[in-house]
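Chain by chain, the residues run as shown.
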Amino acid sequence: MPSASARCLPGILLLVSLTFVTPAVRGQESPYIVTYNHYLEEPGNLEIEYFSTFGTQRGGNNFHAFWSEFEYGATAWWTTEFYLEGQTTFNESTIFTGYRWENRIRPLKMEHFVNPVLYFEYESKNGADKILKEVEGHDVQADFLLPNAEARKEHIHEVELKLILSSTLKGWNFSENVLAAKNLSNHPWEFGYALGASHPLAMKASATRCTLCPQNFVAGVEMYGGLGDRHSFGLKDTSHYLAPAIAWNLPSGWTLRLSSGFGLNDNSHRFLLRCGISREISGFSEMVSRIFGGRR
Amino acid sequence: MKEYIAALSAAAALLTASVSFAQQEKSSHYKYQGDARVYADLAKAPEKARGKRNPFENYPDAIAAGQNLFEQHCSECHGKTGDGSKKAPSLRAEEVQDAAPGAIFWVLTNGVVRRGMPVWSKLPEPQRWQLVSFIKSLGLPSPNSLDKKSP
């Protein structure tokens with residue numbers, strides 16, 4: 001029986017070759033890690049992303065949660081994304097916690113003052129999931145105290161719907177997300193929110209290509225938290241975070257993101273340090289089509 | 001193991017569905033190659049948008065900055081020289097070169113989402129105008145290059 005690392009090797013090689021050998025394009029990525037704006041992936045492009053969250057835990061072990069995203073622009077109005085996620089709880093173990101399949105659809109053809117995007121997601125994860133990609137219902141930091149060995153026994157199948165509203169005005173982006181999530185095992189609908197504002201450090205592009213120019217940086221702030229569930233809607237027993245964030249869009253096609261989240265009440269983790277690295281690969285659909293003998 | 005198979009099946013289903021969808025959409029792009037209707041959205045720009053002046057009109061640096069932006073965001077579909085590709089039409093066509101700068105800016109801002117052109121309002125307004133400066137500087141293709149292209 002081959003070891004886990006040997007089994008993963010072909011996948012890792014494919015990912016590395018996709019990332020380094022294929023042509024990259026530079027996106028103008030936002031700094032948000034939780035909040036979504038209305039900009040979708042360019043059609044035919046694949047963005048490979050890796051994110052990491054380090055969180056402090058009151059009365060328990062700190063954790064490092066991580067996930068990979070494969071974000072694909074199926075059309076200019078539909079982006080689909082696949083996630084694989086895991087976590088390490090210090091002094092405990094490292095485990096795979098599940099996967100997600102997310103879809104974002106832009107219903108309106110043109111740009112408006114407020115631009116809606118509809119979001120549908122299916123999650124198959126276990127109870128040890130700690131990526132905090134969203135905060136919903138009565139999610140509180142004490143939920144993470146359960147040891148991994150116990151928490152992973154719970155299997156969660158969840159659907160999540162979001163309404164994403166986003167506006168861009170004089171270089172500012174303002175995004176508001178409201179979410180409703182339903183654990184399919186007879187749990188009530190849970191609600192949450194995420195808000196974000198961001199602005200590039202420079203509005204004009206410089207005439208020379210540069211790595212450290214202010215136009216390559218976008219700074220912003222996010223706020224996100226839970227809003228209870230169908231039976232007890234509101235802020236009681238919910239957690240909330242405020243997170244300044246910055247994105248650095250490198251001319252080589254890579255994007256780096258850094259965000260430090262601060263818990264706003266006793267139900268929240270005190271501190272969440274998040275970072276991400278991503279690269280957009282152009283012409284992915286054509287590449288796959290060629291592999292399967294499609295039209296050139 | 002069950003989880004692993006489920007994750008793989010979901011990934012395969014996702015890949016198949018989205019790639020086939022993208023390919024289907026693209027086939028309609030091929031249909032529009034050489035068809036003036038592909039530029040119809042330029043004419044849809046409202047009068048007010050069309051009348052906007054490019055604030056970088058007399059700034060030579062804007063063309064160089066616009067070229068950098070074009071290489072990063074547009075050349076993948078429109079080609080390095082703006083002559084178009086299988087994915088997107090030429091920007092050196094008469095319809096584009098004769099269009100008002102405000103109309104090009106309007107299309108950049110709003111995209112032509114149903115035909116695969118993304119919305120570029122995520123670029124700040126001055127950068128979109130720098131792109132317009134570059135696109136306008138491309139000019140019409142020379143007669144020689146047209147001869148070479150004809151069958």
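Within each chain, residues carry numbers counting from 1 in the order of the written sequence. Lettering for chains starts from A, numbering for ligands starts from 1, and both go in the order in which the items are written. Only residues with pLDDT of at least 70 are given local features in this predicted model, and only at 80 or more are side-chain atom pairs given and counted; all residues enter the totals for whole chains, interfaces and linings.

**Quick notes on the overall build of chain B**
Along the backbone of chain B there are nine helices and zero strands. Starting at the N terminus, the α and β elements of chain B follow one another as α-α-α-α-α-α-α-α-α. Looking at chain B alone, contacts between residues at least 24 apart form 70% of all its contacts between residues at least 6 apart. Strands are runs of DSSP state E lasting at least two residues, helices are runs of H or I lasting at least four, and both sets are numbered from the N terminus onward. By the convention adopted here, residues are in contact when the distance between their C-beta atoms, placed from the backbone, does not exceed 7 Å.

**Digging into the overall build of chain A**
Each helix and strand in chain A was counted, giving three helices and 13 strands. In chain A, of all internal contacts separated by at least 6 residues, the share reaching a separation of at least 24 is 63%.

**A short note on the interface of chain A and chain B**
Each partner contributes to the interface: chain A provides 37 residues, whereas chain B provides 35 residues. Polar here means any residue outside two lists: the nonpolar Ala, Val, Leu, Ile, Met, Phe, Trp, Tyr, Cys and Pro, and the charged Asp, Glu, Lys and Arg; Gly therefore counts as polar. The residue inventory of the side of chain A that touches chain B, partitioned by class, reads 18 nonpolar, twelve polar and seven charged.

**Some details on helix H7 (residues 101-110) of chain B**
Counting other C-beta atoms within 10 Å of a residue's C-beta gives its exposure: the residue is buried at 20 or more, exposed at 12 or fewer, and partly exposed in between, where C-beta atoms are placed from the backbone. For H7(B), the tally of buried residues reaches seven of ten residues, placing the bulk of the element in the interior. Against the buried residues of H7(B) lie helix H2 (40-43), helix H3 (47-50), helix H6 (94-97) and helix H8 (125-138) of chain B.

**With respect to the pairing of strand S13 (residues 271-281) of chain A**
Looking at chain direction, strand S2 (residues 46-55) of chain A and S13(A) are connected through ten bridges and run antiparallel. Counterpart to A:Tyr50 in the pairing with S13(A) is A:Ile277. At least two DSSP bridges between two strands are required for those strands to pair.

**Thoughts on helix H3 (residues 284-291) of chain A**
When H3(A) is considered as a whole, its buried residues turn out to be A:Phe284, A:Ser285 and A:Val288. Down the axis of H3(A), the smallest arc covering the buried residues is 100°, so these residues share one side. In this description, the arc belongs to the directions extending from the helix axis to the C-beta atoms.

**Quick look at the environment of A:Glu47**
Residue and element names in this part refer to chain A. Assignment of secondary structure puts Glu47 in strand S2. In this structure Glu47 comes out as buried when scored by C-beta crowding, with 23 C-beta atoms within 10 Å. Linking Glu47 and Leu84, residues 37 residues apart in sequence, is a C-alpha distance of 14 Å. Once residues lying within four places of it in the same chain are set aside, the contact partners of Glu47 are Glu41, Glu71, Ser278 and Glu280.

**What about the confidence of the model for chain A?**
Think of pLDDT as the predictor's per-residue confidence, scored from 0 to 100. The predicted model of chain A has a mean per-residue pLDDT of 90, with 90% of residues at 70 or higher. Below a pLDDT of 50 lies the segment residues 1-8 of chain A, which in the model reaches one contact outside its immediate sequence neighbourhood of four places, other chains included.

**Side note on the packing of H7(B) against H8(B)**
All names here are of chain B. As a packed pair, H7 and H8 sit with axes 10 Å apart at the nearest point and diverge in direction by 125°. Here H8 runs oblique to H7, going by the angle between their axes. For the pair H7 and H8, the crossing hand works out as right-handed. Only Arg128, Trp129, Leu131, Val132, Ile135 and Lys136 of H8 make contact with H7, whose side of the interface consists of Pro101, Ile104, Phe105, Leu108 and Thr109. Broken down by class, the residue content of the contact of H7 with H8 amounts to eight nonpolar, one polar and two charged. Only the contacting stretch of a helix is used when fitting its axis, a line to C-alpha atoms as for every element, and angles between N-to-C directions run 0 to 180 degrees. When describing relative orientation, an angle under 35 degrees is termed roughly parallel and one over 145 degrees roughly antiparallel, while 65 to 115 degrees is termed roughly perpendicular and anything else oblique. Crossing handedness: left-handed means the near helix sits turned counterclockwise from the far one by under a right angle, and right-handed means the same turn made clockwise.

**Some points on the nonpolar core**
If you look at the biggest cluster of nonpolar residues, it comprises 43 residues, and the most contacted ones within it are B:Ile104, B:Val107, B:Leu131 and B:Ile135. The contact partners of B:Ile104, leaving out residues within four places of it in the chain, are B:Val96, B:Ala99, B:Val132 and B:Ile135. Buried Ala, Val, Leu, Ile, Met, Phe, Trp, Tyr and Cys residues form a nonpolar core when they are connected through C-beta atoms within 7 Å.

**Some points on the environment of A:Arg290**
You can see A:Arg290 is positioned in helix H3. Between the C-alpha atom of A:Arg290 and that of A:Trp67, which follows or precedes it by 223 residues, the distance is 29 Å.

**What about the packing of helix H4 (residues 60-73) of chain B against H8(B)?**
Residues and elements named next belong to chain B. The interhelical angle for the contact between H4 and H8, taken along N-to-C directions, is 100°, at an axis separation of 7 Å. Of the possible angle classes, the one that applies to H4 and H8 is roughly perpendicular. Counted together, Ala62, Ile63, Ala65, Gly66, Gln67, Leu69 and Phe70 of H4 and Gln127, Gln130, Leu131, Ser133, Phe134 and Ser137 of H8 form the full contact between these two elements. Partitioning the contact of H4 with H8 into residue classes produces seven nonpolar, six polar and no charged.

**Quick look at the confidence of the model for chain B**
Counting all residues, the mean pLDDT for chain B is 82, and 72% of those residues have values of 70 or more. A low-confidence stretch, residues 27-32 of chain B stays under pLDDT 50, and its non-local contacts, those more than four residues away or across chains, total five contacts.

**A short note on the environment of A:Thr211**
All names here are of chain A. Looking at the element boundaries, Thr211 is found in the loop between strand S9 (190-200) and strand S10 (217-229). Given 10 C-beta atoms within a 10 Å radius, Thr211 is considered exposed. For the pair formed by Thr211 and Leu84, sequence separation is 127 residues and the distance between their alpha carbons is 31 Å. Leaving out residues up to four positions away in the same chain, Thr211 has contacts with Asn216, Leu250 and Pro251.

**Let's talk about unusual backbone geometry**
Residue and element names in this part refer to chain A. Even without being a glycine, Lys170 presents a positive backbone phi close to 50°. Mapping Lys170 onto the fold places it in the loop between strand S7 (155-169) and strand S8 (172-183). Judged by local crowding, Lys170 falls into the exposed class, with 8 C-beta atoms found within 10 Å. Phi is positive for Asp237, which is not a glycine, with a value near 55°. When you line up the elements, Asp237 lands in the loop between S10 and strand S11 (240-249). In this structure Asp237 comes out as partly exposed when scored by C-beta crowding, with 14 C-beta atoms within 10 Å.

**So, the pairing of S7(A)**
All names here are of chain A. Pairing geometry for strand S6 (residues 115-126) and S7, over twelve bridges, is antiparallel. Along S7, the bridge assignment pairs Phe120 with Leu161. Of the strand pairs in this sheet, S7 and S8 are connected by twelve bridges, and their pairing is antiparallel. The partner of Glu160 across the bridge, within S8, is Ala181.

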